[in-house]
Amino acid sequence: MVVTWRRPKPLGERPKLMEIAGVDKVFGGDVVALQEMNLVVNEGDFISLLGPSGCGKSTALRLIAGLMHPTRGQIAWAGGEAEIGVVFQEPTLMPWATVEQNVYLPFRLKGRSFAEVAQDIHLALKLVGLEAFAKSYPRELSGGMKMRVSIARAMVTRPKLILMDEPFAALDEITRHKLNKDLLELKEKIASTVIFVTHSVFESVFLSDRIVVMAARPGRVATELTVDAPYPRGEAFRTSAEYAALCRTASDALHAAMGETA
Amino acid sequence: MSLVETLRDADEIARARARRREKIARWALPALTVALMILLWDRIAVWNAIPHYILPAPGLVAETLVKDFPILGPALLVTLQITLAALAVAVIGGVGLAVLFSLSRWAEMCFYPFAVVLQVTPVVSIAPLIFIYVDNRIVGLLLCAWLVAFFPILSNTTLGLNSTDHNLRDLYKIYGATRWQRLRYLQLPTALPYFLGGLRIAGGLSLIGAVVAEYVAGTGGIGSGLAFRILEAGYRLNIPRMFAALALIALTGVVIFAVLSLVTHLLLHKWHESALKREI
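The text that follows walks through the structure, step by step, so that each part is easy to find. (Residues numbered from 1 in each chain as written. Chains lettered and ligands numbered in written order. Predicted model: local features only at pLDDT ≥ 70, side-chain atom pairs only at ≥ 80, totals over all residues. Heavy atoms only, no water.)

## Description of the packing of aromatic side chains
All names here are of chain B. Under the criterion given, the structure shown has eleven aromatic pairs over all chains. Residues W146 and F150 carry aromatic rings whose centres are separated by 4.5 Å and whose planes lie at 15 degrees to one another, so their mutual orientation is stacked. Note that W146 and F150 are positioned in helix α7 (residues 137-161) at a spacing of four residues, about one turn of the helix. Consider the rings of F150 and F151, whose centres lie 6.5 Å apart with planes at 85 degrees: the pair is edge-to-face. F151 carries the same exposure label as F150, and that label is buried. An aromatic cluster of at least three residues, connected via ring pairs, comprises F101, Y112, W146, F150 and F151. (Phe/Tyr/Trp six-rings, centres within 6.5 Å; stacked < 30°, edge-to-face > 60°. Helix = DSSP H or I, 4+ residues; strand = E, 2+ residues; numbered from the N terminus. Buried < 20%, exposed > 50% of the residue type's maximum accessible area, 1.4 Å probe, protein only.)

What follows is the structure, encoded as structure tokens:
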């Protein structure tokens, strides 16, 4: 893996990666999980899907990952189906395998030998700050460290698109802030596109340049916001008036989507 | 007083003392209990002047064990061979069937009922039939022991193969894993602790199966195991030898369990919950 420091192009100049076009997902014939979803994902976007539970954000992610198929509409890839990395809410590591063997998994399933990709694995571990723990077993790591391994695994093959399903929801606030910051740095380094599911307004504003606000019953896209603050973002951004104002806007949009007044 | 010394509060000291005490008690208590039981047994036999053809004293049993070892030793070897062979076949058959079931739901639907029927039918009642149809006595014994031993391995391994983490399964799917890769890298490691649990049960059961089958088979001569020696000694009212043979069977069972527990520990101690010690 070569670390490129290439910044994503400004919003509006990015080439299209994929498009979710008029997608419905209906379970059991009558439960509408997702209704008429339209979303264009561009290369280099950091998109947050923000919404209450039951708004279909996880369903959208599973559709993009190809784990299920839309009832109506289609998911169209601009340049053929891209490679995808996934991070779940749980670290989802194999307890019997060491950290490096866990990160090796995507390559192993492609039939690559460990020796062939050892450098990529160790670079990925270095990027998440866990190179010293390559030979450790998951049980020896803290919750935050396990999540870092999970992130290293998702990006080790340098996929075009990384899907994250509330990855930090189960972590404590301090660890979450640290991981948010590190994730942004990582995203800059590997120049990947990220779709990030969350129900935290603050997290979505801090991380993303596009926030897709979703509403529930039936799950649908309510509105989209643009966070026009430059990367890299750090603690200074988190305490800025701009951040507070953006959080207010996003929060209002979320409440409007949920049919309440702020 | 060093810093470390001063930091040891009353709780710490009490805990350390309790730990030391437990460490000694863990082997001393069972050893003491066994020694007392043997002493009690000896006293009952001596004080009541019970004849040795009814209840031999432990000393006589030990003496018989040494004296009759030329007869009991080869018998032990036969029983051991059948037990281990049955266990090996049970592992191959049990794991093989479990893998087949996990690869094909159809196969599971077809054959699982047979496995259950074989398991719930007492081996004592099938054994006479087996010895009618199977000429070779060793093969018959093996078949009986296998019938008893393979089910726990099959059912535990099946459970393990089906217990994979949902998200990991999704992950394998996203990365386009083949069925074989999923089995090899995900399902088999997940099933390992379950399999080992089944194996420890099967180890004891294959010994029971071997002994029970020998009782049913009953014929003597060359290639007779411990169970036959017990029957034979019973007919001759050679009770001390019955006790000696019984002690050998029990010892064999304990050794099998200990070895399989050690194997389990070696395979799991690095990662599995069951093998982890809590820090505090």
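Having seen it, we continue.
## Comments concerning helix α6 (residues 123-133) of chain B
All names here are of chain B. Listing the buried residues of α6 in full gives V123, I126, A127, I130 and F131. Each buried residue of α6 lies within a common arc of 140 degrees when the element is viewed along its axis, so the set occupies one face. Those residues of α6 that are buried lie in contact with α7 and α9 (179-217). (Arc of directions from axis to C-beta. Contact = heavy atoms within 4.5 Å.)

## Quick look at the sheet that holds strand β9 (residues 220-226) of chain A
All names here are of chain A. The strand order across the open sheet formed by six strands is β5-β6-β7-β3-β8-β9, and the pairing between neighbours is mixed. With partners counted over all chains shown, the strands left at the sheet margins are β5 (84-87) and β9, one partner each. Taking the axes of each pair of neighbouring strands and ignoring which way they run, one obtains an average angle of 20 degrees across the sheet. Relative to strand β7 (residues 193-198), strand β6 (residues 161-165) runs parallel, the two being bridged by five bridges. Following the sheet pairing, L161 is matched in β7 by T193. Most of the contacts of helix α1 (residues 57-65) go to β6, to which it runs at about 150 degrees, and overall it touches β3 (46-50), β5, β6, β7 and β8 (210-215). (Pairing = 2+ DSSP bridges. Axes fitted to C-alpha atoms, helices over the stretch in contact; angles between N-to-C directions.)

## Some details on empty space enclosed by the protein
Residues and elements named next belong to chain A. For the structure on display, the rule yields one cavity of 30 Å³ or more. The calculated volume of the largest cavity comes to roughly 50 Å³. Every residue along the wall of the largest cavity is listed here: I151, M155, I162, M164, L183, L186, K187, I190 and V194. The element best represented in the lining of the largest cavity is helix α5 (residues 173-190), accounting for four residues. Residue composition of the lining of the largest cavity, grouped by class: eight nonpolar, no polar and one charged. (1 Å grid on protein atoms, 1.4 Å probe; cavity = no way out; pocket = protein on both sides within 12 Å on 5 of 7 lines; lining within 4 Å. Points joined across faces, edges and corners; volume = space filled by probe spheres on them. Nonpolar A, V, L, I, M, F, W, Y, C, P; charged D, E, K, R; others polar.)

## A word on the pairing of β8(A)
For a regular strand, the rule is simple: side chains alternate between the two faces of the sheet. Residues and elements named next belong to chain A. Of all six residues that make up β8, six are buried, and the element is covered over most of its length. Burial of the side chains of β8 extends over both faces: R210, V212 and M214 are buried on one face and I211, V213 and A215 on the other. Here four bridges tie β3 to β8, and the two strands are oriented parallel to one another. Residue pairing for β8: L49 is matched across the bridge by V212. Where β8 meets β9, six bridges bridge the pair, whose relative direction is antiparallel. When the sheet's bridge partners are listed, M214 is paired in β9 with V221.

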